[in-house]
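Okay, here's what each chain looks like letter by letter:
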Amino acid sequence: MDLTTARATEQASAGFTPSPTEPLRHQLLATLAQHRMASTHQLHVLLRPDRSRQSVSERLNDLLGERLVDFVVLPQSHRTRVWYLTQKGARLTRDWPALRGRPPYPITSATAASLKTPHTLTVLRTHLAFVTDARRRGDEHGHLDWTPEVFHAIGDGEKVVADAVMHYTLIEAQQRRKLRAFVEVDRATMSSERLAAKLIEYARLWTYEPQPIGRRRQAAGPGWLRWYPVFPRVMFVLTGAGRQAMDNRISDLKAMVAHHPLVAEFAREVPLGAVVLEDLDAYGPTADVWVPLTGGQGRPWTEL
């Protein structure tokens with residue numbers, strides 16, 4: 001289920017891009033606070049696709065000189081820099097309105113940065129596929145519409161951690177359709193069984209009702225209503241293995257939907273899909289590249 005409202009403003013022909021009236025310096029700091037880490041190329045595509053890459057590099061070097069950001073160099077990458085906030089940068093951005101309530105998670109050393117780099121950059125790579133497609137289509141999906149590492153309680157002291165929560169406004173004819181998704185990015189670093197078990201965690205979140213404090217308070221319904229007007233769709237993005245291995249992992253996700261009673265019930269109400277990241281890069285997220293976990297032919301993520 002999605003929310004659809006009447007379109008209020010005329011669609012911009014150039015698509016949705018960060019406002020150039022906000023200083024690039026501010027946008028770079030906010031983006032690194034939101035996404036933890038990003039390469040120079042990723043920041044260029046995300047924030048100033050219509051400007052030179054040098055203009056982004058110059059601002060990053062200015063921030064480096066102020067000790068607000070630092071970087072590590074990716075191995076075997078022609079000295080590609082991956083940027084992150086220093087503790088000073090994290091303190092500066094902590095109370096910015098767009099980031100309010102977002103844990104700063106400063107990275108305290110180059111070693112710590114190197115350990116986080118592969119997964120963090122792959123999650124951001126996934127985001128860029130949606131950003132690029134949104135610009136092409138004229139939809140709204142910007143650098144702060146993708147929140148990594150989102151935690152939700154599911155009872156018994158446990159929690160589900162989404163690799164990212166995506167907010168996306170699909171603009172069709174005279175309507176604006178607001179879509180949300182939990183995104184799981186799988187680099188084949190965990191077993192296929194553990195990956196499929198993530199569906200159980202999301203199904204538990206779907207049914208979880210926090211216990212009210214005090215005898216007189218009435219239960220307020222599922223806990224997820226505190227954050228979302230409708231439950232976000234759940235989308236798996238797979239990479240890091242051969243095509244057959246990734247197809248097998250998608251098959252295991254489909255088997256979990258078919259055979260686990262709670263997940264099967266969940267799947268009747270919430271769209272679930274999977275895609276190979278390389279297909280997402282090559283064709284875009286609104287191509288017929290998503291496999292519905294309930295069965296059926298490939299389709300756009302918007303039609304899961």
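Residues numbered from 1 in each chain as written. Predicted model: local features only at pLDDT ≥ 70, side-chain atom pairs only at ≥ 80, totals over all residues. Heavy atoms only, no water.

Q: Just to check I follow, could you spell out the pattern of salt bridges for this structure?
A: When the charged atoms of two side chains lie near each other, side chains of opposite charge can form a pair. Evaluated as defined, the whole model comprises 14 salt bridges. In this structure, D133 and R136 form a salt bridge, with 2.8 Å as the shortest nitrogen-oxygen distance. Of this pair, D133 and R136 both sit in helix α5 (residues 110-137), three residues apart, which is roughly one turn of the helix. Look at D133 and you get buried, because its relative accessible area is 5%. The closest approach of N and O atoms between R249 and D186, which form a salt bridge, is 2.8 Å. With R249 in helix α7 (residues 243-259) and D186 in strand β7 (residues 175-186), this pair connects stretches of sequence that are 63 residues apart. The network of salt bridges with common partners includes R125, E278 and D281. (Salt bridge = Lys/Arg side-chain N within 4 Å of Asp/Glu carboxyl O. Helix = DSSP H or I, 4+ residues; strand = E, 2+ residues; numbered from the N terminus. Buried < 20%, exposed > 50% of the residue type's maximum accessible area, 1.4 Å probe, protein only.)

Q: Mind showing me how you'd approach the pairing of strand β6 (residues 158-172) here?
A: Regular strands show a simple pattern: their side chains alternate between the two faces of the sheet. In this sheet, β6 lies alongside strand β5 (residues 146-155) in antiparallel orientation, the contact comprising eight bridges. Paired with T147 across the two strands is V165, which belongs to β6. Counting the residues in the hairpin turn of β5 and β6 gives two residues, including D156, whose phi is positive at 55°. In this structure, β6 lies alongside β7, joined through nine bridges in antiparallel fashion. Along β7, the bridge assignment pairs H167 with R180. In this antiparallel pair of consecutive strands, β6 and β7, the connection spans two residues, and A173 shows a positive phi of 50°. (Pairing = 2+ DSSP bridges.)

Q: For this particular structure, what's the right way to read a positive patch on the surface?
A: On the surface, R67, K88, R91 and R94 cluster together to form a positively charged patch. Among the residues examined, R94 registers a relative accessible area of 41% and is labelled partly exposed. (Patch = residues over 30% accessible without salt bridge, like charges linked within 9 Å, V, L, I, M, F, W, Y side chains within 5 Å. Areas by Shrake-Rupley, 256 points an atom, 1.4 Å probe, with all protein chains shown as cover. Lys, Arg positive; Asp, Glu negative; His and termini not counted. Charge placed at Lys NZ, Arg CZ, Asp CG, Glu CD.)

Q: Sorry if this is basic, but what is going on with unusual backbone geometry here?
A: Even without being glycine, E149 reaches a positive phi, approximately 55°. Topologically, E149 is positioned in strand β5. For A188, which is not glycine, the phi torsion reads 60° and is therefore positive.

Q: Help me understand the nonpolar core in this model?
A: Note that soluble globular proteins tend to have their nonpolar side chains buried in a common cluster. Formed by 32 residues in total, the largest nonpolar core has its most connected members in F182, L199, F231, F236, F266, L272 and L293. If you list the elements that add at least two residues to this core, you get β5, β6, α6 (192-207), β8 (233-238), α7, α8 (261-269) and β9 (272-276). Per-element tally for this core: the top contributor is α6, with seven residues. Leaving out residues up to four positions away in the same chain, F266 has contacts with L199, Y202, A203, W206, F231, V234 and L272. Counting 23 residues, the second-largest nonpolar core is a separate cluster that includes V185, V275, L280 and A287. (Core = buried A, V, L, I, M, F, W, Y, C linked by side-chain atoms within 4.5 Å. Contact = heavy atoms within 4.5 Å.)

Q: It is not clear to me how α8 should be interpreted in this structure. Could you clarify?
A: Here α8 has its buried residues at V263, A264, F266 and A267. Across the axial projection of α8, the buried residues extend over an arc of 160°, all falling on one side. For α8, the exposed residues set more than 90 degrees away from the buried face come down to P261, R268 and E269. Buried residues belonging to α8 abut α6, β8, α7 and β9. (Arc of directions from axis to C-beta.)

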